[in-house]
Amino acid sequence: MIRFFKKKRYPEFWSTHIEKVQNSQKYANFEDIRFVALDTETTGFDYENDRILCIGAVAIKNNKILVSDSFEIYIKQAIFNKETVKIHGIRKDGNEIKLSEEEAIIKFIDYLDDAVIVAHHTAFDVTMINQALNRLNVGPLESKLLDTNYIHKKIAKTDTYKKIFSLEELCEIYNVKMHDRHTALGDALITAYLFLKQTAKYKKNNPLNLFDLINTNYHLLK
Amino acid sequence: MKNTISERIFDFLKNYPPFNLISNETLMEVSQNVEIQYFEKDQIIFSQNDNPHEHFYIIYQGSVRLYRFVENEKLMLDICDEGDLFGLRPLIMNENYVMGASANEETILYGIPIALFHDIILNYPKVSQFLIASFATNTREPFSEKHKGKLFANVSAIQKIEHGFSEIQSANYNKNPISCSPDTTVQTACIIMTKNIINSIIITENDIPIGIITDKDIKTKIGTGLYKITHKVSEIMTSPVVTFHQNISVAEAQIKLLKHKVSHLCITKDGTNKTELVGILTQQDLILTQGNSPSLLIKEIKNAKDAETLKHIRTKATELTKGYLEQEIPIYFVTKVISEINTAITKKAIRLSVSEIGKEPPAKFSWLALGSQGRKEQLLMTDQDNALVFENIAPAEYNRVKNYFLELAEKVTEKLHIVGFEYCPANIMASNPKWCISLEEWEQQFEEWITDPIPEKILLSIIFFDFELIYGDELLNNKMAESVFKTIEKNLIFLSFLGKVTLDNPPPLGFFKQFLVEDNGENKDSFDIKSRAIRPLVDAARILSLHHNIRVNNTIARYEKLMEVEPQNSDLFESCANAFKILLQFRTSQGLANNDNGKFVDINSLNKADRLKLKSCFKPIKNVQEAIKLRFKTSQIPQI
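These numbers come from a predicted model, not from an experiment. As a convention, each chain's residues are numbered from 1 in the sequence order in which they are written. Working convention: letters from A go to chains and numbers from 1 go to ligands, in the order in which they are written. Two thresholds apply to this predicted model, a pLDDT of at least 70 for residue-level local features and 80 or more for giving and counting side-chain atom pairs, whereas whole-chain, interface and lining totals are computed over all residues. Values shown for side chains rest on all heavy atoms present in the structure; no hydrogens or waters enter the calculation.

Draft legend 1. Quick peek at the overall build of chain B. Helix and strand labels come from DSSP, where a helix needs a run of H or I of at least four residues and a strand needs a run of E of at least two; each type is numbered from the N terminus. The helix and strand tally for chain B stands at 25 helices and 22 strands. Here the contacts in chain B between residues at least 6 apart in sequence split such that 71% fall between residues at least 24 apart. Residue-level accessible areas treat just the shown protein chains as cover; the underlying method is Shrake-Rupley with a 1.4 Å probe. Element-wise, carbon and sulfur atoms account for 50% of the exposed surface of chain B, whose accessible area totals about 29,000 Å². Contacts were defined at the residue level, with two residues in contact if any of their heavy atoms lie within 4.5 Å.

The structure is reproduced here in structure tokens:
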């Protein structure tokens, strides 16, 4: 009964999101899980005041990166930070087709479906998305989350408890070529490669299942 | 919608065949549907007998081993590296994989959806040609009929090109067209036409063509009495004229003539009927263009007075070869033309020598070409290999006759040397007393080689059994051939020895980066294309032809004959013929580029497409060698 009321209050895209994640039958079997490697480019690192410029994502299923199932979207900006333009190269009035934040977020949630999110420093990207969702009076994301940084910590033999690995460091360790750094979809692809290589390594010493992988991520679990 | 990943994949794929052959839009569609896969070292990508995947693969990073289990023994077939394709079997037929693939090192693959590629094969003949060149010659079970169809159906597309070679040649036309003004009378025009022996005249105003009168107009308009010979040409001319620009190819001319149902084209400065007339092209000119240059050279050879002139003509023939290869005219045709020219040169050298001696030959004789010239496969200027046979002579006359022919041969080989055919270092020439002998001596010689097949004699028989009559008595030549086949029939074990030698040169497995991948694990970076690829195919064709009493020498013709004699193996022989064509073309282009005999190929200088092309030829060699091994039971022959 309570759910019924909740459903009524939420916009359709959001209730669909909740329902899909909660009712997904895929998580038990690793081969069936659709992972979405994700990266966002933002105007800065302030959760309150900065905004998402671009979301890039590509799906992984059964150890394959599905290029046909990828996502790249640019968002119109009210807030603009000259400093970060140097990093991501997305100008306020660049050539990319840009959507409003609302349109973009709804499209992304729709694309996400019941997928498990994989990112590098996932907390940052997910918080930025949650902030945007909050502005639409919904959120936070219901999706299950993984972080390549923490999966690495689980695999690495040495004591890396306190170390935070950058994407570049992991690329070095896992021998991933870095193309298109600092474009959202480029970084998403790099994250996807890392994830494929990490899971291949991980399953040598551990049974590969989603819940153990999620448990590597003590930070996000908090 | 912008997509950074597929753009990057697009950039990668467009560097490699066959993806460089398709349009940007189609390639973008392919790029958007790639599946990226990662494999750890030694991880299996697919196993032998696995169900076919929905994708075939191109290696993005790393390398992949292809292997096959035969009676529990694992055979390494190839190592593929960046840009190589594999797993194409499902593209060709819906069958399980006949080989396994595993990662040779950490590897990233792009999976290309097969469903997408079926359409591409249909729409891009060049893609299917590439795939045929790479894989049609690559079939693992060449002895089966079932491979016919589908992708292979496109072979006919290639064959079509073979017959249409002249269409890309530029058309020759008359650059001094005869014209007259509009107020000329029909009578005057007819007088001009008769005087110049032409069947048409163009009517011009300020050098701009406005009309044409042909024989047909005279017949239908004057002969019928509709007009009189006193009328002006402008009254009976056909106007406007059909025009074309100066760079006209045979194909364009043919199409234009057919389209406008005319027999004459006016060639003008800019191709329109608003500019100056510069020439006239007739149906007749087109007929002459086809096969023009070679026949001209043959004519020049016939008129040549000395070896120097022949040398000059042979240089022109080399230019002709270059031109043919640049125009991608099929190698089979090129070899035919060049062999005809070489034969004509040798004939002329013999005639010149006979007249130098000043005495007609004292007996019937035949001049024989051996080796590659005997097989009519000689495209580059290589060593001369020849021999002479004369009719059986009474002992009393023998020395006198032999001395005449030795003198003749001395003069002929000297002339051929001047032309540019180097003396044979092994002295396999008609000027050598050993190879300038009578018919019965040849028969004894053959018998000795066949009945006592020690290595040196087998090597000689390989060279001599490809003899071809160049000049002289056909009967002598036929009798020699008969004696070879008869003696072999009585000594079939000889074929097993010959087979053994044939197998001495197994082809390499393939290329890995700048190295050859050899069966025994040895790597090399320069490739002896003659001994390792061409000769094995030539040898295989010879032994199978001797086995079947097939009396042709040309390797391609031999395989074609073998396809008829053994229809159950026609796939194998077809793949051999295709591989041979590719290799010969390759050797010739390399030789022309480096101005040498093209024997060695520097693998570092090859691009990916060339490497794939070469590699595709190795599989048929291996297959035909397997067939020989089984058929002639070569394993029973002791090591020699």
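Let's pick the thread back up.
Draft legend 2. Here's a closer look at the sheet that holds strand 12 (residues 243-244) of chain B. Residue and element names in this part refer to chain B. The 3 strands are arranged 12-13-14 in an open sheet whose pairing can be described as mixed. The open sheet has two free edges, formed respectively by strand 12 and strand 14 (277-282), since each of these has just one partner strand. Pairing between strand 13 (residues 264-268) and strand 14: 5 bridges, direction antiparallel. Following the sheet pairing, Ile267 is matched in strand 14 by Gly279. Two strands form a pair only when DSSP identifies at least two bridges running between them.

Draft legend 3. Layout of the sheet that holds strand 4 (residues 64-70) of chain B. Residues and elements named next belong to chain B. The strand order 2-7-4-5 describes an open sheet built from 4 strands, whose pairing is antiparallel. At either end of the open sheet lies a strand with only one pairing partner, and these are strand 2 (44-46) and strand 5 (73-80). The mean inter-strand angle of the sheet, taken between neighbouring strand axes irrespective of direction, is 30°. Two elements, strand 4 and strand 7 (residues 100-103), share 4 bridges in a ladder whose sense is antiparallel. Considered in strand 7, the bridge of Arg65 is made with Ser102. Simply put, an axis is a line fit to the C-alpha atoms, just over the touching stretch for a helix, and the angle between two N-to-C directions goes from 0 to 180 degrees.

Draft legend 4. Inspection of the packing of helix 21 (residues 529-548) of chain B against helix 25 (residues 618-631) of chain B at higher detail. Residues and elements named next belong to chain B. Their axes nearest at 10 Å, the elements helix 21 and helix 25 cross at an angle of 35°. Of the two possible hands of crossing, helix 21 and helix 25 adopt the one that is left-handed. Here Arg532, Ala533, Pro536, Leu537, Ala540, Ile543, Leu544, His547 and His548 of helix 21 lie close against helix 25, whose contacting residues are Ile621, Val624, Gln625, Ile628 and Arg631. Take the far helix as your reference; a near helix turned counterclockwise from it by less than a right angle gives a left-handed crossing, and one turned clockwise gives a right-handed crossing.

Draft legend 5. Here's a closer look at unusual backbone geometry. Residue Pro18(B) is bonded to the preceding Pro17(B) through a cis peptide linkage, with omega at 0°. Position of Pro18(B) among the secondary structure elements: in the loop between helix 1 (4-13) and helix 2 (24-32). For Asn63(A), which is not glycine, the phi torsion reads 65° and is therefore positive. When its relative accessible area of 32% is taken as the criterion, Asn63(A) is described as partly exposed. A positive phi angle, close to 50°, is found at Ile197(B), a residue other than glycine. Residue exposure (1.4 Å probe, protein chains only): buried if accessible area is under 20% of the type maximum, exposed if over 50%, otherwise partly exposed.

Draft legend 6. Structural detail: the interface of chain B and chain A. Residue-level contacts link 22 residues of chain B with 25 residues of chain A. Buried surface at the junction of chain B and chain A, both sides included, amounts to about 2,100 Å², of which 56% is carbon and sulfur. Of all residues in chain B, Ile5(B), Ile36(B) and Tyr38(B) bury the most surface against chain A, accounting for 28% of the area lost on that side. By convention in these notes, a salt bridge is any Lys or Arg side-chain nitrogen within 4 Å of a carboxyl oxygen on Asp or Glu. In this structure, the connection of chain B to chain A is made through 2 salt bridges. Here Lys197(A) and Glu106(B) are joined by a salt bridge, their closest N and O atoms 3.5 Å apart. We call two N or O atoms a polar contact when they sit within 3.5 Å, provided that within protein one can donate a hydrogen and the other can accept it, with sequence-adjacent residues counted only if both atoms are side-chain atoms. Where chain B touches chain A, the interface holds 9 residue pairs in polar contact (both at pLDDT 80 or more). Of all the secondary-structure elements, those providing two or more residues to the side of chain B that touches chain A are helix 1, helix 2, strand 1 (35-39), strand 3 (55-61) and strand 8 (107-113) of chain B. A per-element tally of the side of chain B that touches chain A places helix 1 of chain B first, with 5 residues. Throughout, buried area stands for the accessible area (probe radius 1.4 Å) lost by two parts on being put together, summed over both.

Draft legend 7. Expanded view of the side chain of His55(B). Residues and elements named next belong to chain B. Residue position: His55 is located in strand 3. Relative accessible area serves as the criterion here: at 10%, His55 is assigned to the buried category. A polar side-chain atom of His55 sits 3.5 Å from a polar atom in the side chain of Glu35. If sequence neighbours within four positions are ignored, His55 has contacts with Glu35, Gly87, Tyr97, Gly111, Ile112, Pro113 and Ile114.

Draft legend 8. Geometry of helix 23 (residues 570-594) of chain B. Residues and elements named next belong to chain B. Expected span of a helix: the number of residues minus one, times 1.5 Å. Along its 25 residues, helix 23 runs 36 Å from first to last C-alpha, staying within 8% of the 36 Å computed at 1.5 Å per residue. A large share of helix 23 lies buried, amounting to 19 of its 25 residues. Positive phi appears at Asn595, one or two residues downstream of helix 23, with a value of about 55°.

Draft legend 9. Structural view of the packing of aromatic side chains. Each Phe, Tyr or Trp ring, with Trp reduced to its six-membered ring, pairs with another whose centre is within 6.5 Å; inter-plane angles below 30 degrees give stacked pairs, above 60 give edge-to-face pairs, and intermediate values give tilted ones. A full pass over the atoms with the stated rule returns 34 aromatic pairs over all chains. Aromatic pair Tyr404(B) and Phe405(B): ring centres 5.5 Å apart, planes at 85°, arrangement edge-to-face. Judged on exposure class, the residue Tyr404(B) and its partner Phe405(B) are both buried. In this structure an aromatic cluster arises from ring pairing among Trp435(B), Trp442(B), Phe446(B), Trp449(B), Phe464(B), Phe465(B), Phe467(B) and Phe494(B). Put simply, a charge is over a ring when the Lys NZ or the Arg CZ is close to the ring centre, within 6 Å, and near the line of the ring normal, within 35 degrees. Geometry around Tyr111(A) places Arg34(A) over its ring, the cationic atom sitting 4.9 Å from the centre.

Draft legend 10. Structural detail: the pattern of salt bridges. On inspection of all chains with the given rule, the structure shows 26 salt bridges over all chains. Residue Lys204(A) pairs with Glu40(B) through a salt bridge whose shortest N-O separation is 3.3 Å. Remark: Glu40(B) occurs in the loop between strand 1 and strand 2 and Lys204(A) occurs in helix 8 (residues 184-205); the pair is interchain, linking two chains. In this structure, Glu397(B) and Arg400(B) form a salt bridge, with 2.6 Å as the shortest nitrogen-oxygen distance. Linking Glu397(B) with Arg400(B), this pair stays in helix 16 (residues 395-419), spanning 3 residues, or about one helical turn. Given a relative accessible area of 52%, Arg400(B) falls into the exposed group. Counted as one network, the salt bridges with shared partners bring together Arg375(B), Glu377(B), Asp466(B), Arg535(B), Asp539(B), Arg542(B) and Arg558(B).

Draft legend 11. How the structure looks around helix 19 (residues 474-490) of chain B. Compared with the 24 Å implied by 1.5 Å per residue over 17 residues, the 25 Å span of helix 19 of chain B between its first and last C-alpha is a close match. The backbone nitrogen of Leu475(B) lies 3.2 Å from a side-chain oxygen of the residue at the head of helix 19 of chain B, namely Asp473(B).

Draft legend 12. Spotlight on the confidence of the model for chain B. Residues and elements named next belong to chain B. Across the chain, each position has a pLDDT score giving the predictor's confidence in that residue, from 0 to 100. Looking at chain B as a whole, the pLDDT averages 82, with 86% of positions reaching at least 70. Confidence drops under a pLDDT of 50 for residues 136-168, and excluding neighbours within four residues, the segment shows 74 contacts in the predicted structure. ipTM for the predicted complex: 0.86, alongside a pTM of 0.55.

Draft legend 13. Fine view of the pairing of strand 8 of chain B. All names here are of chain B. In terms of burial, strand 8 is largely enclosed, as 7 of its 7 residues are buried. Judged by which residues are buried, strand 8 turns out to be covered on both faces: Thr107, Leu109, Gly111 and Pro113 on one side and Ile108, Tyr110 and Ile112 on the other are all buried. In this structure, strand 1 lies alongside strand 8, joined through 5 bridges in antiparallel fashion. Across the sheet, residue Gln37 finds its bridge partner in strand 8, namely Leu109.

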